[in-house]
Amino acid sequence: MTTEIVLVLLITVIAMVLFITEKVRYDGIGLLVLASLTLFGLVTPSQALSGFSNEATITIASMFILAAALENTGALNGFNRLFSYIKSPWAFYLTLFGVLAIIAPFVNNTAVVAVFIPIVISASLKVGLAPSKTLIPLSYVSQMAGVMTLIGTSTNLIVNSVAKEQGFRGFSMFEFLPLGAICFVAGCLYLITIGRRILPDVKSSDLFNLYDFGHYVTELYITDDSSLVDTSFSEAGISQDYSIYLIEVRRDGEKIASPRSSELEPGDILLVRGRWDDIRQLTDDKKLKVNNQLQRGKQVPEGVKWSLAEIMIAPNSRAIGRSMVLFNRTWKYNSLIMGIQRRGNIIRSQLEDIRLQVGDIILLAIPEDDLNALQKDKHVILLSQREARNRAKKWKSLVSLAIMAGVIATAAFGLVPIAISALVGALLLTLIGCIGADEVYERVDWTIIMLMAGLMPLGIAMNETGAAEFIISNTLGYFEQFGPHVMLAILYIMALILGEMMSNSAAAVLLTPLAMSTAKLLGADPTPFLIAVTFSASTSFITPIGYQTNTMVYAAGGYKFTDFVKVGVPLNLIFWILGVIFIPYFWPFYG
């Protein structure tokens with residue numbers, strides 16, 4: 001073992017520990033890896049910076065822009081009308097899976113799930129399904145469909161790019177389709193049969209009508225002329241008449257010991273929970289006001305037409321960890337925070353002390369003119385899309401679809417590289433006005449871009465120093481006698497475990513050199529081993545943190561962590577078995 005191999009392995013282990021413990025942001029870890037490799041002389045300066053100009057990096061950044069343009073122009077809004085015609089659970093599942101099979105292979109999974117969360121919740125309730133029966137399938141099927149094409153997920157592009165740098169021929173646009181289609185059909189059959197029975201049936205009574213997007217914790221201020229003055233919450237019969245639950249009462253900043261039986265005074269702050277329509281009726285009847293403490297230091301315009309909007313804090317949002325006061329003060333919209341709900345948990349502290357988490361749903365009063373801008377903000381997911389009227393011209397939605405189709409077609413037929421076609425498509429959509437020039441920078445997830453650019457040199461270092469061959473010789477090499485099928489099965493499991501524990505992109509970068517070295521050890525074609533890494537790292541079903549779409553539905557669906565384990569483990573085992581059987585069939589080890 002050389003000094004260079006030791007250094008590469010040490011950097012790799014430290015990076016994996018940081019990924020698993022989440023002590024440092026993902027993009028920060030990528031840059032730390034890049035800097036370490038350069039300082040120790042394990043890569044040249046040009047190799048260290050090659051990730052920023054890599055084909056995969058350019059393609060993924062461009063695909064973010066293409067997906068944002070489709071969302072801006074309302075090109076995907078027609079599916080909302082399609083789901084309105086569905087009358088039965090079976091028709092719902094078949095329609096959902098069919099729509100995702102068309103869209104998810106070409107549009108960023110996160111954008112697809114963000115658009116479909118409110119659609120799926122609304123449509124599932126109409127056909128008598130609890131949304132807990134449909135949101136995990138939304139996430140899983142979007143992943144299964146995404147793995148069918150080269151551009152379906154960032155992981156596919158990363159594996160392709162890293163492998164090409166090591167001499168691999170590269171994958172075509174639809175090379176993954178045969179195996180992807182088989183896994184897609186098998187996965188869908190599992191989800192509508194066994195998986196549907198395993199999925200929790202979270203009724204509205206269990207989570208206080210979580211899926212109605214109406215139950216919020218909010219603060220009400222008792223005015224001088226309120227009829228609640230000199231009476232108690234219980235005596236006034238608020239719970240019976242308005243179905244509103246009193247959490248606590250604060251007077252001069254202090255909690256009252258017996259909030260329901262104590263006489264109320266002007267200036268008391270009531271922390272209550274209930275449907276927003278009921279809370280609004282209570283404020284009108286009893287002359288109460290929504291507490292405005294969260295608006296401190298922020299000027300709210302007068303004379304504008306207000307609308308209510310429900311937003312969910314998205315994964316990787318800058319709002320995560322911030323207090324409600326700081327969030328609203330730095331929030332760029334002229335909004336008023338009316339209430340909050342947190343994945344079925346009743347918040348019992350005053351709102352200004354709450355630190356936001358992924359999946360928190362906030363009720364905002366916002367000027368109607370700001371709704372379209374709010375819909376485009378990548379840090380939040382607008383759940384009440386019915387409030388946001390997309391004013392984009394119809395021709396723009398058609399043009400955006402046509403350009404997206406052109407990007408796919410030109411790359412599929414090999415006319416131009418995918419990075420160039422995606423970049424040109426993004427530029428055309430910007431020039432046409434389907435997405436604003438400033439918005440382009442806002443809609444790209446720079447965390448993923450920086451992570452990829454930082455980790456790409458690690459793949460180069462593992463290959464050039466011999467670290468990848470050393471790892472394989474001392475791990476998978478012991479199973480060489482059992483043949484390539486066993487080696488393939490073990491490599492698939494390694495990718496699956498790493499993908500669940502850390503970023504999918506990071507797992508892809510780490511394991512692609514190992515896949516190439518495995519093939520070299522066996523004297524086999526590297527294609528089947530690279531396919532195994534791609535499929536395994538791109539389909540994370542076991543935990544809610546394994547993939548961004550899982551995190552999004554975990555927050556919106558009131559799931560428990562174990563729900564993903566129960567449903568995801570059998571599905572990953574199905575994919576593993578199908579992969580071991582069909583990968584060598586479509587891509588033989590020895591050609």
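Per an unreviewed UniProt entry, the protein chain goes by the name Sodium:proton symporter and belongs to Oligella urethralis DNF00040. Word for word, the UniProt comment on the protein chain under Subcellular location (unreviewed entry) is "Membrane".

Asks: I keep staring at the overall build of the protein chain and nothing clicks. Help me out?
Replies: The helix and strand tally for the protein chain stands at 25 helices and nine strands. For the protein chain, the proportion of its 591 residues judged to be buried stands at 59%. The long-range fraction of contacts in the protein chain, counting pairs at least 24 apart against all pairs at least 6 apart in sequence, stands at 79%. Of the roughly 23600 Å² of accessible surface on the protein chain, 59% is carried by carbon and sulfur atoms.

Asks: Explain the pattern of salt bridges to me, please; I cannot follow it from the model alone.
Replies: Two side chains of opposite charge can pair, provided their charged atoms sit close to one another. Summed over all chains, the structure comprises nine salt bridges. One salt bridge connects Glu-265 with Arg-251, and the closest N-O pair in it is separated by 3.6 Å. With Glu-265 in the loop between strand S3 (254-255) and strand S4 (269-275) and Arg-251 in strand S2 (residues 245-251), this residue pair connects regions lying 14 residues apart in the sequence. In this structure, Asp-268 and Arg-251 form a salt bridge, with 2.8 Å as the shortest nitrogen-oxygen distance. One end of the pair, Asp-268, is in the loop between S3 and S4; the other, Arg-251, is in strand S2, and 17 residues separate them in sequence. By relative accessible area, Asp-268 is classed as buried at 0%. Several salt bridges share partner residues, and in doing so they unite Glu-219, Glu-248, Arg-250 and Lys-255 into one network.

Asks: Explain the environment of Met-144 here, please?
Replies: Checked against the element boundaries, Met-144 lands in helix H8 (residues 135-146). On a C-alpha basis, the gap between Met-144 and Phe-575 in space is 9.8 Å, while along the polypeptide they are 431 residues apart. Setting aside chain neighbours within four positions, we find Met-144 in contact with Cys-183, Phe-184, Gly-187, Cys-188, Leu-191, Phe-541 and Phe-575.

Asks: Just checking my understanding: could you explain unusual backbone geometry for this structure?
Replies: Glycine aside, the phi torsion of most residues is negative, and most peptide linkages are trans. Despite not being glycine, Ser-243 has its phi angle at roughly 55 degrees, a positive value. Inspection of the secondary structure assignment puts Ser-243 in the loop between helix H12 (238-242) and S2. One non-glycine residue, Lys-287, lies in positive phi territory at about 55 degrees. Considering the arrangement of structural elements, one finds Lys-287 in the loop between helix H13 (276-286) and strand S5 (288-290). When its relative accessible area of 46% is taken as the criterion, Lys-287 is described as partly exposed.

Asks: Just to check I follow, could you spell out the pairing of strand S8 (residues 361-367) for this structure?
Replies: Regular strands place side chains that alternate from one sheet face to the opposite one. Buried residues dominate S8, accounting for seven of its seven residues. Where burial is concerned, the two faces of S8 agree: the one with Ile-361, Leu-363, Ala-365 and Pro-367 and the one with Ile-362, Leu-364 and Ile-366 are both buried. Strand direction decides the pairing type here: strand S7 (residues 336-341) and S8, joined by five bridges, are antiparallel. Note on S8: the bridge partner recorded for Ile-337 is Leu-364.

Asks: Teacher, can you tell me more about helix H1 (residues 3-21) here?
Replies: Residues spaced three or four apart along an α-helix point in a common direction, a consequence of the helix completing one turn every 3.6 residues. Between the first and last C-alpha of H1 there are 27 Å, a value that for 19 residues agrees with the 27 Å anticipated at 1.5 Å per step. Among the residues of H1, those classed as buried are Ile-5, Leu-7, Val-8, Leu-9, Ile-11, Thr-12, Ala-15, Leu-18 and Phe-19. Against helix H2 (26-39), helix H19 (446-464), helix H20 (467-473), helix H21 (484-501) and helix H22 (504-522) lie the buried residues of H1. Once H1 ends, the next one or two residues include Glu-22, with phi positive near 55 degrees.

Asks: Whenever I open this one, the confidence of the model for the protein chain confuses me. Can you help?
Replies: Predicted coordinates in regions of low pLDDT should not be interpreted in detail. For the protein chain, per-residue confidence averages 83 on the pLDDT scale, and residues scoring 70 or more make up 89% of the total. The least confident element of the protein chain is helix H14 (residues 324-330), whose mean pLDDT is 64; the most confident is helix H10 (residues 177-192), at 96. Low pLDDT, under 50, characterises residues 204-213; the stretch is placed with 31 contacts to residues that sit more than four places away or in other chains. In the model, residues 385-391 has pLDDT below 50 throughout and makes 21 contacts with residues more than four positions away in sequence or in other chains.

Asks: Even after reading the chapter, I still don't get the nonpolar core, so can you show me in this structure?
Replies: Nonpolar side chains in soluble globular proteins tend to be buried together. Core analysis: the largest hydrophobic core is formed by 174 residues, its most contacted members being Phe-92, Phe-116 and Phe-529. In this structure, Val-217, Ala-309, Ile-311 and Leu-382 belong to the second largest nonpolar core, which totals 20 residues.

Asks: Explain the packing of H22 against helix H23 (residues 527-538) here, please?
Replies: Between two packed helices, both the angle of their axes relative to each other and the distance between the axes serve to describe the pair. The interhelical angle for the contact between H22 and H23, taken along N-to-C directions, is 160 degrees, at an axis separation of 8 Å. Here H22 is positioned roughly antiparallel relative to H23, judged by the angle of their axes. Between H22 and H23 lies a crossing of right-handed hand. The residues of H23 that touch H22, namely those facing Asn-504, Leu-511, Thr-512, Ala-515, Met-516, Thr-518, Ala-519 and Leu-522, are Phe-529, Leu-530, Val-533 and Ala-537. When its residues are assigned to classes, the contact of H22 with H23 shows nine nonpolar, three polar and no charged.

Asks: Where do I start with the packing of aromatic side chains in this structure?
Replies: Given two aromatic rings, one states the distance between the centres and the angle between the planes to describe the pair. In this structure the tally under the stated criterion is 17 aromatic pairs. Note on Phe-176 and Phe-535: the rings are 6.3 Å apart at their centroids and 80 degrees apart in plane angle, and the pair reads as edge-to-face. Note that Phe-176 is positioned in the loop between helix H9 (154-165) and H10 and Phe-535 in helix H23, a separation of 359 residues in sequence. With a relative accessible area of 1%, Phe-535 lands in the buried category. Taken together, a centroid distance of 5.7 Å and an interplanar angle of 75 degrees make the contact between Tyr-559 and Phe-564 edge-to-face. No difference in accessibility class separates Tyr-559 from Phe-564, as the two residues are buried. Members of the aromatic cluster, each reached through a chain of ring pairs, are Phe-83, Phe-92, Tyr-93, Phe-97 and Phe-116.

Asks: Is there a simple way to explain helix H7 (residues 109-126) in this structure?
Replies: A rise of 1.5 Å per residue sets the reference length of H7, with its 18 residues, at 26 Å; its end C-alpha atoms lie 25 Å apart and thus fit the reference within 8%. At Phe-116, H7 shows its strongest bend, of approximately 40 degrees, with the proline Pro-118 following within four residues. Counting buried positions over the 18 residues of H7 gives 14, a clear majority of the element. A positive backbone phi angle near 85 degrees is found at Gly-128, which sits one or two residues after H7.

Asks: What is the right way to look at the packing of H19 against H22 in this model?
Replies: Across the interface, H19 lies against H22 with an axial gap of 9 Å and an inter-helix angle of 15 degrees. For the element pair H19 / H22, the angle class is roughly parallel. Relative to H22, H19 is oriented so that their crossing is right-handed. Along the contact surface, H19 presents Leu-451, Leu-455, Met-456, Leu-458, Gly-459 and Met-462, while H22 presents Ser-505, Ala-506, Val-509, Leu-510, Pro-513 and Leu-514. Class assignment for the residues of the contact of H19 with H22 results in ten nonpolar, two polar and no charged.

Asks: Just checking my understanding: could you explain the environment of Asp-369 for this structure?
Replies: Note that Asp-369 resides in the loop between S8 and helix H15 (371-376). Relative accessible area serves as the criterion here: at 66%, Asp-369 is assigned to the exposed category. Along the chain, Asp-369 and Ser-307 lie 62 residues apart, while their C-alpha atoms are 9.4 Å from each other.

Parameters at a glance
- In every chain, residue numbers begin from 1 and rise along the written sequence.
- For a predicted model such as this one, the threshold for reporting local features is a pLDDT of at least 70, and the threshold for listing and counting side-chain atom pairs is 80 or more; totals across whole chains, interfaces and linings nevertheless cover every residue.
- Computation of side-chain values covers all heavy atoms of the structure but excludes hydrogens and water.
- UniProt positions are given in the numbering used here, feature names are shortened, and annotations may be inferred rather than shown by experiment.
- The helix and strand labels rest on DSSP assignments: H or I over at least four residues marks a helix, E over at least two residues marks a strand, and numbering proceeds from the N terminus.
- Note on exposure labels: buried denotes an accessible area under 20% of the residue type's maximum, exposed denotes more than 50%, and partly exposed covers the range between, all computed with a 1.4 Å probe on protein chains only.
- Any pair of residues with heavy atoms lying within 4.5 Å of one another is described as a contacting pair.
- Each accessible area is a Shrake-Rupley estimate made with a 1.4 Å probe; only the visible protein chains count as cover when residues are assessed.
- A pairing counts as a salt bridge when a side-chain nitrogen of Lys or Arg comes within 4 Å of a carboxyl oxygen of Asp or Glu.
- Strands are labelled as partners when DSSP assigns at least two bridges between them.
- Take the number of residues in a helix, subtract one, and multiply by 1.5 Å to get its expected span.
- Values of pLDDT, ranging from 0 to 100, describe the predictor's confidence in every residue of the model.
- For our purposes a nonpolar core is just a set of buried Ala, Val, Leu, Ile, Met, Phe, Trp, Tyr and Cys residues, chained together by side-chain atoms within 4.5 Å.
- Helix axes are fitted only over the stretch in contact, all axes being lines through C-alpha atoms; the angle between N-to-C directions runs from 0 to 180 degrees.
- Just so you know how the angles are binned, under 35 degrees is roughly parallel, over 145 roughly antiparallel, 65 to 115 roughly perpendicular, and the rest oblique.
- Two helices crossing with the near one rotated counterclockwise from the far one by less than a right angle form a left-handed crossing, whereas a clockwise rotation gives a right-handed crossing.
- Just so you know the grouping, Ala, Val, Leu, Ile, Met, Phe, Trp, Tyr, Cys and Pro go in nonpolar, Asp, Glu, Lys and Arg go in charged, and all remaining residues, Gly too, go in polar.
- Side-chain rings of Phe, Tyr and Trp, where Trp is taken by its six-membered ring, are said to pair if the distance between their centres is within 6.5 Å; with planes under 30 degrees apart they count as stacked, over 60 as edge-to-face, and otherwise as tilted.
- Note that bend, as reported per residue, equals the angle between axes fitted to the 7 residues terminating at that residue and the 7 residues originating from it.

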